[in-house]
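Remarks on the overall topology
Each chain, written out:
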Amino acid sequence: MRNAIVLALLAGAMVAAGCAADDGNGPEFQSSDADADGDTDADTDADTDADSDSDSDSGCEEGVVICQDDLTVVTCIDGSWEVTDECNEGTQLCEEGECIDCVDIAFEIQTMQACAMSIVSGFEMDGEGFIELYGDDYRVFAMDRWGEGHIIGWCDGTTLGDLLDAFNVIGYLSQLEDPTAANVASFGDDFLCNPGAYSLLPDYIEFLGEDLPAEYLDDPAALAADYDVVIFCGFRIPWANDWVEEIGTFVSVHGKGFLAVMEYEGVTVDLDFENMSDITQPAGIVFDPLNLEWAPASAEVLIECVPDMPPDVE
């Protein structure tokens with residue numbers, strides 16, 4: 001009998017905090033000690049910087065503000081790091097020297113036949129999701145900030161509609177308090193990304209065709225003026241353009257949202273994986289050519305304290 005797939009999601013905030021997540025259906029996922037920003041090493045790093053002309057004794061530069069940990073803001077005052085702010089645990093995180101609001105995400109979702117994703121070394125996601133199959137874990141979900149905007153990667157186009165309903169996906173991607181006001185476009189695969197062909201997608205999505213209209217080529221500002229969120233099913237398409245610069249700028253510079261959707265190897269060919277990864281790799285996400293056998297699963301999921309997440313609109 002085929003093993004069931006268990007989906008569990010772990011927030012990047014929890015990884016940094018040294019916490020573990022357990023969806024109640026599968027194994028506990030332990031955090032790593034990765035510290036991409038180096039913020040928690042303020043005291044150690046300060047001791048190694050003996051070349052500073054202005055603060056040779058302390059190693060910190062007067063007035064610099066950083067995060068000592070997930071909840072503590074420290075400032076260099078008179079040559080020493082001093083705590084200047086404490087974030088509210090559970091509702092705030094320390095990011096780049098200031099307390100920002102965060103919220104929990106809780107939902108249930110099913111997955112079917114899928115690909116997987118890798119995270120580029122040095123990147124840490126706001127949230128990740130894994131399926132367990134035959135004793136191995138495969139990342140099928142990733143969400144993170146990309147410059148001024150947000151990105152989500154999803155490896156199961158068949159359940160794209162379920163993902164959109166699972167939590168405030170459009171709110172996270174658009175960064176609008178009222179996600180119903182967001183202008184959302186999709187393009188790519190004419191079946192899984194087209195609300196007119198696949199009834200599980202909501203009708204507020206405007207399907208633009210297998211490719212983005214030519215008017216957006218070399219003009220990400222125009223794309224940003226028309227849409228807050230773009231959803232791209234990057235398979236079973238001709239790839240007339242790679243859209244690397246346009247989508248990258250649309251998100252990272254103009255502060256918009258991008259949902260990159262892929263499928264299992266077979267429906268998705270090597271060129272699809274390569275081209276989509278060219279778009280998402282600057283955000284730390286790479287799509288892997290895998291065919292994870294169909295095995296539906298349902299899991300209750302909790303992602304703790306996700307930054308830049310607007311509240312749900314009732």
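Residues numbered from 1 in each chain as written. Predicted model: local features only at pLDDT ≥ 70, side-chain atom pairs only at ≥ 80, totals over all residues. Heavy atoms only, no water.

**Some details on the overall build of the protein chain**
Using the following cut-off: To qualify as a helix, a DSSP run of H or I must reach at least 4 residues; to qualify as a strand, a run of E must reach at least 2; elements of each kind are numbered from the N terminus. Any residue under 20% of the maximum accessible area for its type is buried, any over 50% is exposed, and the rest in between are partly exposed; the area is computed with a 1.4 Å probe on protein chains only. Contacts: residue pairs with any heavy atoms within 4.5 Å of one another. For the area figures, the Shrake-Rupley method with a 1.4 Å probe applies, and any residue is considered shielded solely by the protein chains shown.
When you go through the protein chain residue by residue, the secondary structure sums to seven helices and 16 strands. Taken across its 314 residues, the protein chain has 50% of its residues classed as buried. Within the protein chain, residue pairs in contact and separated by at least 24 positions form 64% of the contacts whose partners lie at least 6 positions apart. Just so you have it, the protein chain exposes about 14,100 Å², and 44% of that area is on carbon and sulfur atoms.

**A look at the nonpolar core**
Our working definition: Side-chain atoms within 4.5 Å are what join buried Ala, Val, Leu, Ile, Met, Phe, Trp, Tyr and Cys residues into a set we call a nonpolar core.
In terms of nonpolar packing, the biggest core is built from 71 residues, with Phe167, Ile231, Phe258, Leu259 and Phe287 touching the most fellow members. Among the nonpolar cores identified, the runner-up in size contains five residues, and Cys67, Val73, Cys94 and Cys99 belong to it.

**Re the state of the cysteines**
To be explicit about the condition: Counting rule for disulfides: a pair of cysteine sulfur atoms within 2.5 Å.
Applying the stated criterion across every chain, the model contains six disulfides. What pairs with cysteine 102 in a disulfide is cysteine 305, and their sulfur atoms sit 1.6 Å apart. Taken together, the residues cysteine 102 in strand S6 (residues 98-111) and cysteine 305 in strand S16 (residues 297-307) connect sequence positions 203 residues apart. Pair check on accessibility: cysteine 102 and cysteine 305 agree, each one buried.

**Some words on the side chain of threonine 159**
Structurally, threonine 159 is set in the loop between strand S10 (149-154) and helix H3 (160-166). Apart from the residues lying within four places of it in its own chain, the contact partners of threonine 159 are Gln110, Thr111, Met112 and Trp154.

**Here's the deal with the packing of aromatic side chains**
In plain terms, the rule: The rule is short: rings of Phe, Tyr and Trp, with Trp giving its six-membered ring, pair when the centres are within 6.5 Å, and they are stacked under 30 degrees, edge-to-face over 60, tilted in between.
Across all of its chains, the model carries five aromatic pairs by this definition. Where phenylalanine 187 meets phenylalanine 232, the ring centres are 4.0 Å apart and the plane angle is 10°; that geometry is what we call stacked. One end of the pair, phenylalanine 187, is in strand S11 (residues 184-188); the other, phenylalanine 232, is in strand S13 (residues 229-233), with 45 residues separating them in the sequence. On the accessibility criterion, phenylalanine 187 (0% relative accessible area) is buried.

**Focus on unusual backbone geometry**
Phi at aspartate 78 takes a positive value of approximately 55°, unusual for a residue other than glycine. One can find aspartate 78 in the loop between strand S3 (72-77) and strand S4 (80-86). The phi dihedral of tryptophan 239 is positive, around 55°, even though this residue is not glycine. Take tryptophan 239: its relative accessible area is 11%, and that puts it in the buried class.

**A closer look at the pattern of salt bridges**
It is possible for side chains of opposite charge to pair when their charged atoms get near one another. For the record, the criterion: A pairing counts as a salt bridge when a side-chain nitrogen of Lys or Arg comes within 4 Å of a carboxyl oxygen of Asp or Glu.
For the structure shown, the criterion picks out five salt bridges. With its nearest N and O atoms 2.7 Å apart, the salt bridge here joins arginine 145 to aspartate 126. Residue arginine 145 is located in strand S9 (residues 136-146), and its partner aspartate 126 is located in the loop between strand S7 (114-119) and strand S8 (127-133); the two are separated by 19 residues in the primary sequence. The exposure class assigned to aspartate 126 is buried, which follows from its relative accessible area of 4%. Across the pair glutamate 128 and arginine 139 runs a salt bridge, and its minimum N-O distance is 2.5 Å. With glutamate 128 in strand S8 and arginine 139 in strand S9, the pair connects residues that are eleven residues apart, well separated along the chain.

**Looking at the confidence of the model for the protein chain**
Put simply, the test is: pLDDT expresses, on a scale from 0 to 100, how confident the predictor is about each individual residue.
Within the protein chain, residue pLDDT values average 80, and 77% of them lie at 70 or more. Long-range and interchain partners of residues 1-6, a stretch whose pLDDT sits below 50, account for 22 contacts in this model, where long-range means more than four residues apart. pLDDT under 50 marks residues 8-57. Its contacts with residues more than four places away, or in other chains, come to 93 contacts.

**Focus: a negative patch on the surface**
The condition that has to hold: Surface patches are defined over residues having more than 30% relative accessible area and no salt bridge, joining like charges when they lie within 9 Å and nonpolar side chains (Val, Leu, Ile, Met, Phe, Trp, Tyr) when within 5 Å. We score Asp and Glu as negative and Lys and Arg as positive, and we do not count His or the chain ends. Taken as the charge centre is NZ of Lys, CZ of Arg, CG of Asp or CD of Glu, depending on the residue.
Together, Asp242, Glu245, Glu265, Asp270, Glu274 and Asp278 give the surface a local cluster of negative charge. No other element matches helix H7 (residues 270-280), which puts three residues into the negative patch. Note on placement: glutamate 245 falls in helix H6 (residues 244-252).

**Here we look at the sheet that holds S3**
Spelled out, the test is: Pairing between strands is defined by DSSP: at least two bridges between them are needed. Structural elements are reduced to axes, namely lines fitted to C-alpha atoms, with helices fitted over the stretch in contact, and the angle between N-to-C directions of any two is expressed from 0 to 180 degrees.
Reading across from one edge, S2-S3-S4 is the order of the three strands in this open sheet, with antiparallel pairing throughout. On the outer flanks of this sheet lie strand S2 (65-67) and S4, each paired with one strand and no other. On average, each strand axis in the sheet is inclined to that of its neighbour by 35°, with strand direction left out of account. Here S3 runs beside S4; their pairing, made up of six bridges, is antiparallel. From the neighbouring strand, threonine 75 faces S4, where its bridge partner is glutamate 82.

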